[in-house]
Amino acid sequence: MDTTTTTNWRDQLQPETRQIILNNIMGKLKFCHLPGDVDEDLELQKIAHSIEQKSYGGATTPADYFEKIASKILLLEKAREREWRYQLRPDCRQRIVNKITETLRRHLPVSGPEGSQELWRIARRFEEKIFIAATSQSDYLRKISLKMLTMETTSQGRHGQLSNQLGLNNEPANPVDTNPRQHGSRNRRMPAWTDDYHMG
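Residues numbered from 1 in each chain as written. Predicted model: local features only at pLDDT ≥ 70, side-chain atom pairs only at ≥ 80, totals over all residues. Heavy atoms only, no water.

1. Some remarks on the overall build of the protein
Now for step 1: Helix and strand counts for the protein come out as 10 helices and 0 strands.
Now for step 2: The secondary structure elements of the protein, listed N-terminal to C-terminal, are α-α-α-α-α-α-α-α-α-α.
Now for step 3: The buried share among the 200 residues of the protein stands at 37%.
Now for step 4: Pairs at least 24 apart in sequence give 74% of the contacts found in the protein among residues at least 6 apart. (Helix = DSSP H or I, 4+ residues; strand = E, 2+ residues; numbered from the N terminus. Buried < 20%, exposed > 50% of the residue type's maximum accessible area, 1.4 Å probe, protein only. Contact = heavy atoms within 4.5 Å.)

2. Concerning the pattern of salt bridges
Now for step 1: All told, the structure shown has 8 salt bridges when counted by the stated rule.
Now for step 2: With its nearest N and O atoms 2.6 Å apart, the salt bridge here joins Glu118 to Arg121. Within this pair, Glu118 and its partner Arg121 are both found in helix 7 (residues 112-133), separated by 3 residues, close to a single helical turn.
Now for step 3: Close ionic contact of Asp139 with Arg142 constitutes a salt bridge, the shortest N to O distance being 2.7 Å. With Asp139 and Arg142 both in helix 8 (residues 137-153), this residue pair falls 3 residues apart, about one helical turn.
Now for step 4: Under the relative-accessibility criterion, Asp139 is labelled buried at 9%.
Now for step 5: You can call Arg142 partly exposed: its relative accessible area is 44%.
Now for step 6: Bridged by salt links that share partners, the residues Arg89, Asp91 and Arg95 form one connected network. (Salt bridge = Lys/Arg side-chain N within 4 Å of Asp/Glu carboxyl O.)

3. Comments concerning helix 6 (residues 90-107)
Now for step 1: Along its 18 residues, helix 6 runs 26 Å from first to last C-alpha, staying within 8% of the 26 Å computed at 1.5 Å per residue.
Now for step 2: Of the residues making up helix 6, those classed as buried are Pro90, Arg93, Gln94, Ile96, Val97, Ile100, Thr101, Thr103, Leu104 and His107. (Expected span 1.5 Å × (residues − 1).)

4. Some remarks on the environment of Ile144
Now for step 1: Looking at where Ile144 falls in the secondary structure, it is placed in helix 8.
Now for step 2: Judged by its relative accessible area of 4%, Ile144 falls in the buried class.
Now for step 3: Each C-alpha atom, one on Ile144 and one on Ile100, is 8.8 Å from the other, the two residues being 44 residues apart in sequence.
Now for step 4: Those residues in contact with Ile144, other than ones at most four positions away along the chain, are Ile96, Ile100, Phe126, Glu127 and Ile130.

5. Some details on the packing of helix 7 against helix 8
Now for step 1: The contact between helix 7 and helix 8 brings their axes to 9 Å, and the two run at 140°. Handedness of the crossing formed by helix 7 with helix 8: right-handed. Contact residues: Phe126, Glu127, Ile130, Phe131 and Ala133 in helix 7; Asp139, Tyr140, Lys143, Ile144, Lys147 and Met151 in helix 8.
Now for step 2: The residue inventory of the contact of helix 7 with helix 8, partitioned by class, reads 7 nonpolar, no polar and 4 charged. (Axes fitted to C-alpha atoms, helices over the stretch in contact; angles between N-to-C directions. Left-handed = near helix turned anticlockwise from the far one by under 90°. Nonpolar A, V, L, I, M, F, W, Y, C, P; charged D, E, K, R; others polar.)

6. Quick notes on the nonpolar core
If you look at soluble globular proteins, the nonpolar side chains tend to sit buried side by side.
Now for step 1: The biggest cluster of nonpolar side chains holds 18 residues, and the ones touching the most others in it are Trp84, Ile100, Leu104, Phe126, Tyr140, Ile144 and Met151.
Now for step 2: It is helix 7 that contributes the most residues to this core, 6 residues altogether.
Now for step 3: With near-sequence residues (within four places) excluded, Trp84 lies in contact with Phe131, Ala134, Thr135, Ser136, Gln137 and Tyr140.
Now for step 4: With 17 residues, the next largest nonpolar core counts Ile25, Leu44, Ala48 and Leu76 among its residues. (Core = buried A, V, L, I, M, F, W, Y, C linked by side-chain atoms within 4.5 Å.)

Read these as spatial facts, not as claims about activity.
Here you go:
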């Protein structure tokens, strides 16, 4: 290997260029992660610096440097897709549960607090079932939309018929709560996809 060439390309790389790349990596990391506190921002900065410095130190040419950066970012994006559940805010899930409950109420007229509570429990179980089965956020939303469309276009029926239609028969009675006050902390930790920053 020509060590002179290897050294020269680093000397010729402007600090501003590295800073632009670092900012780009940081932007990708923030896009993949929900806004957090100062400690989490500092952790993201450490990850961004690690990606840039390892790519810079291991590259042999400018093209190799840029290729390594692009490869690291691609790994992060793929990992983010696998960890999509961390990005779905609990309050978003709660709004979906509320919407499902409203749809159920149109198809299953109920009276009194007990009836309303039963519809809400059905909606929670239905949402949780889709949440667990979905492979991505778009798949989750698509499945929710399709089920709700089916409910809207189906004539009113009994409780058992609708539960069967939603695939909730024989499901556990206590799904994971979507209350953001109880589960908001799940989104406050660093998601698992950040572990991929050291790969390669």
